[in-house]
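Analysis of the macromolecular model
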Number of protein chains: 2
Amino acid sequence: MKLDHTHDVTATSWLASANDGATPFPLQNLPFGIFRRAGTAEAFRGGVALGDRVIDLSALSEANCLSGLAAQAARACMQPALNDFFAMGADAWRALRHALFELFSAQHRSGRSGPVTEALGRCLVPQADAEYGLPARIGDYTDFYTSIDHARNIVKLLRPDGTLAPNFQWMPVAYHGRVSSIGIAGQQVRRPYGQRLAEGARSPEVGPCARLDYELELGIFIGVGNGQGTRIPVGSAEQHVFGLCLLNDWSARDIQAWESVPLGPFLAKNFATTLSPWIVTMDALAPYRAAWARSPDEPQPLAYLSTPALAADGAIDIQLEVALETENHRRDGLPATRLSRTSFRHQYWTVAQMVTHHTVGGCNLRSGDLLGSGTISGPAQDEAGALIELTQAGRSPIRLATGETRAFLDDGDVVVMTGWCERPGYARIGFGENRGEVLPASWD
Amino acid sequence: MKLDHTHDVTATSWLASANDGATPFPLQNLPFGIFRRAGTAEAFRGGVALGDRVIDLSALSEANCLSGLAAQAARACMQPALNDFFAMGADAWRALRHALFELFSAQHRSGRSGPVTEALGRCLVPQADAEYGLPARIGDYTDFYTSIDHARNIVKLLRPDGTLAPNFQWMPVAYHGRVSSIGIAGQQVRRPYGQRLAEGARSPEVGPCARLDYELELGIFIGVGNGQGTRIPVGSAEQHVFGLCLLNDWSARDIQAWESVPLGPFLAKNFATTLSPWIVTMDALAPYRAAWARSPDEPQPLAYLSTPALAADGAIDIQLEVALETENHRRDGLPATRLSRTSFRHQYWTVAQMVTHHTVGGCNLRSGDLLGSGTISGPAQDEAGALIELTQAGRSPIRLATGETRAFLDDGDVVVMTGWCERPGYARIGFGENRGEVLPASWD
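Reading the values: the criteria
- Residues numbered from 1 in each chain as written.
- Chains lettered and ligands numbered in written order.
- Predicted model: local features only at pLDDT ≥ 70, side-chain atom pairs only at ≥ 80, totals over all residues.
- Heavy atoms only, no water.
- UniProt positions renumbered as here; feature names shortened; annotations may be inferred.
- Helix = DSSP H or I, 4+ residues; strand = E, 2+ residues; numbered from the N terminus.
- Contact = heavy atoms within 4.5 Å.
- Buried < 20%, exposed > 50% of the residue type's maximum accessible area, 1.4 Å probe, protein only.
- Polar contact = N/O pair within 3.5 Å; in protein donor to acceptor, adjacent residues only side chain to side chain.
- Core = buried A, V, L, I, M, F, W, Y, C linked by side-chain atoms within 4.5 Å.
- Pairing = 2+ DSSP bridges.
- Axes fitted to C-alpha atoms, helices over the stretch in contact; angles between N-to-C directions.
- Domains from an automatic or database assignment.
- Buried area = accessible area lost by both parts, 1.4 Å probe.
- Salt bridge = Lys/Arg side-chain N within 4 Å of Asp/Glu carboxyl O.

With respect to the UniProt feature "binding site: Mg(2+)" (unreviewed entry) in chain A
All names here are of chain A. Taken from the UniProt record, the annotation "binding site: Mg(2+)" (unreviewed entry) applies to Asp 249, Lys 269 and Thr 273. These annotated residues cover 25 residues of sequence, and their C-alpha atoms all fall within 7.8 Å of one another, placing them together at a single site. Among the secondary structure elements, Asp 249 is positioned in the loop between β14 (241–248) and β15 (251–252). Sequence-distant contacts of Asp 249, defined by excluding residues within four places in its chain, comprise Tyr 141, Asp 143, Tyr 175, Tyr 214, Glu 215, Glu 217 and Lys 269. With respect to the helices and strands, the residue Lys 269 is situated in the loop between α8 (253–259) and β16 (273–275). Exposure remark for Lys 269: the relative accessible area of 9% places this residue in the buried category. Residue contacts for Lys 269: discarding those within four places in its chain leaves Tyr 175, Glu 215, Asp 249, Trp 250, Ser 251, Arg 253 and Gln 256. Separated by 3.0 Å, the side chains of Lys 269 and Glu 215 make a polar contact.

Observations regarding the nonpolar core
Counting 160 residues, the largest nonpolar core has Leu285(A), Ile318(A), Leu285(B) and Ile318(B) as the members making the most contacts within it. Contacts of Leu285(B), omitting those with residues within four sequence positions, involve Leu244(B), Val280(B), Ile316(B), Ile318(B), Cys421(B), Ile429(B) and Phe431(B).

Description of the sheet that holds strand β21 (residues 337–343) of chain B
Residues and elements named next belong to chain B. Within the open sheet, the five strands sit side by side as β9-β26-β25-β20-β21. Their pairing is mixed. If you trace the sheet from one side to the other, it starts and ends with β9 (187–190) and β21, each paired once. Strand-to-strand twist across the sheet, computed as the mean angle between neighbouring axes with direction ignored, equals 20°. Across seven bridges, the pairing between strand β20 (residues 319–325) and strand β25 (residues 414–421) is antiparallel.

Examining the UniProt feature "active site" (unreviewed entry) in chain A
Residues and elements named next belong to chain A. UniProt records the feature "active site" (unreviewed entry) for His 150 in the present numbering. Summarising the element assignment, His 150 is placed in helix α7 (residues 148–158). Leaving out residues up to four positions away in the same chain, His 150 has contacts with Tyr 145, Glu 215, Thr 375, Ser 377 and Glu 389.

Things to note about the domain arrangement of chain A
All names here are of chain A. Annotation of chain A at the domain level lists domain 1 (5–133) and domain 2 (141–439). One C-alpha centre belongs to domain 1, the other to domain 2, and the line joining them spans 29 Å. Sorting the residues of domain 1 by area buried against domain 2 places His 7, Phe 86 and Trp 93 first, and these three jointly supply 27% of that buried surface. Run the count over domain 1 and domain 2 and you get one salt bridge. Residue Arg 94 pairs with Asp 283 through a salt bridge whose shortest N-O separation is 2.7 Å.

Below you can see the structure in the form of structure tokens.
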């Protein structure tokens, strides 16, 4: 992963809020999303987060502040989805990120004439005034299963005599998920009805899910796809990835347990999936790469899933946290209770391996396709990315700051996911928040 | 299901080829698709099959031969996908089908002036000159598993001590499939590479699929969707369905066996799915409905999956056939060898039950979404809808008319699916052909 001046921790912006150490969006980040001013009939369009503002890429294009490939890239972002921008490829993504870095850096302001800086200022929309759309028209959504700690936790809970499925250590296992129900942070998710088999019962019944859960994941946006019948080699797989966001894979555990054999989860997962609005680019993540290793007593990846580069920096150290905000938190003015904290660096399979395995049989990925990393759980008990793990399948409810307990999610609960990267000598960059609220079930 | 004059077996068209008893597309059928003249740069647009012609709905709209709702519906078909037409709902679908029936019926010609008939004639394109596109932009594709004979065959083959999963008789089991790799009849499908575990081996290897198979299914196009968090009651579910086509769910059995636990099939299925070009409407299928029954010693469907109307005509008697054409058939000028024949009336769950179950948890369907019925196998051995069943997982290869044998598909093989409905006193209507060819594997 090549580092350049956009990763320089000393770089600052002429926009003061970008230099506040608390912002997830310093000049070194520049994540992409789709937005408009909330409550207006404006068209949704591409934007980039900087401090407490959104850089409006439509306005920036019209202000003629860019040239060359960066200008072309910004024009592709004037639409209500970033698919065309994604399809332009890594050179275009980098050209636009670098151009934005220059335009909004403190150094460059001093050399600029007043009118240009004013023009740039008019391209900034307060994030407080913005609402967000899905970053892309998602053609297909694939959800992986790549945390070995999560997989082992689940096996222990559900099949006390069970062992990890033998394929887990040989391939990034995955299944296809539902596109239509994917929403953006702030999504209100109705508790699903569904069939479930009560313990000891001989026949199932239909009712509201009684074991509603979240799953902490990262969403991986495909930038450039591949042709049907071709594959993406692992060595170049990351060139096909635009960036990452936070993803909540809402899960109805009682429905899942009854429906999933033999074809996997279906209604237990397809009622909703929530994404954070900002996609942090692979370029912005470059300083936070981490070594990736497979211990010698484990199966080593087959040749098509292996490159020497993987060992050096195949992993990414993304810090992740899940918190729960109940109605009582809001009543008492308490911040959400933290449920767990972990890092993506523990994941058993890398982003590149997921992309490569997905295409090894010739399945075509398209610009804007979404991959979920699968639940991200670390090795310790308090690093688990889902309530089913944290509460031992509901047997050990968690106590919240309000004094309440939770085995699974209640109506009115808000799940809050956050993510960030930090490393000595580099800026702290963040993903922002991924909030989602549980609404009561309704049969009508 | 209400029958009307469009189902009258005595109705004929002024287009002679529509009255030929051998055509799958008499006046009583009028299936919808997307086409253009092959080898041209024409825009893809909506069309309706009649005899050996395509009624060009763009040309028909521009010729001002329609009025009212039918004219609006035809205008919605001027695009390269039928999604907007689907979203108009059953009244619009019926208005256009009825208007086409009138315009092209023999009775109506006699009352028409020469210029009008000439104008209609100019809206006809020979099917021999046409190429087809996918009928809709498919947002999500869901594949069901609803033939109990198929499910029992598979269980017997793969787990000799196994029994049917307990959920099978309580719900139409399903999983999400891949949209990007869905193609139209004539699709050439590259044999996928993938991981598989050889019998007795301790570690998997990667190689070209050695057990490539087809699955005979029907594709179900959603006409009108539902809002997220709402459900579609079974009594009105068919009003959400536009119609049916043939579907080949290509399957890599060796890859499937190794990857599918615990999350279901993924790369084993997502390299290709092939659809026939014409969607036969639910209205056209009305005369061929059949009684649907659950034997008293089996679980009865839960209330949300049950209406009194189901018993009377919940099933549809669609005759289905699979044939195989190898390179030797073509060399010797032999017709494809028939492998099996069955009917959709044996299916354990109905179209309405699939739609309703899909939405019981609030998952939103959208216009143009595709459901696969799951493999359609009848109760007899020669009614099985996949080679894995017909050949006992490859142990009893099939002998073809050429003298060749097949355990699974070879490179160059063409799978040919056909479907039709017939009933005394009614016309014979067909789905046309769904052909797909196997290309050799390629790693480069």
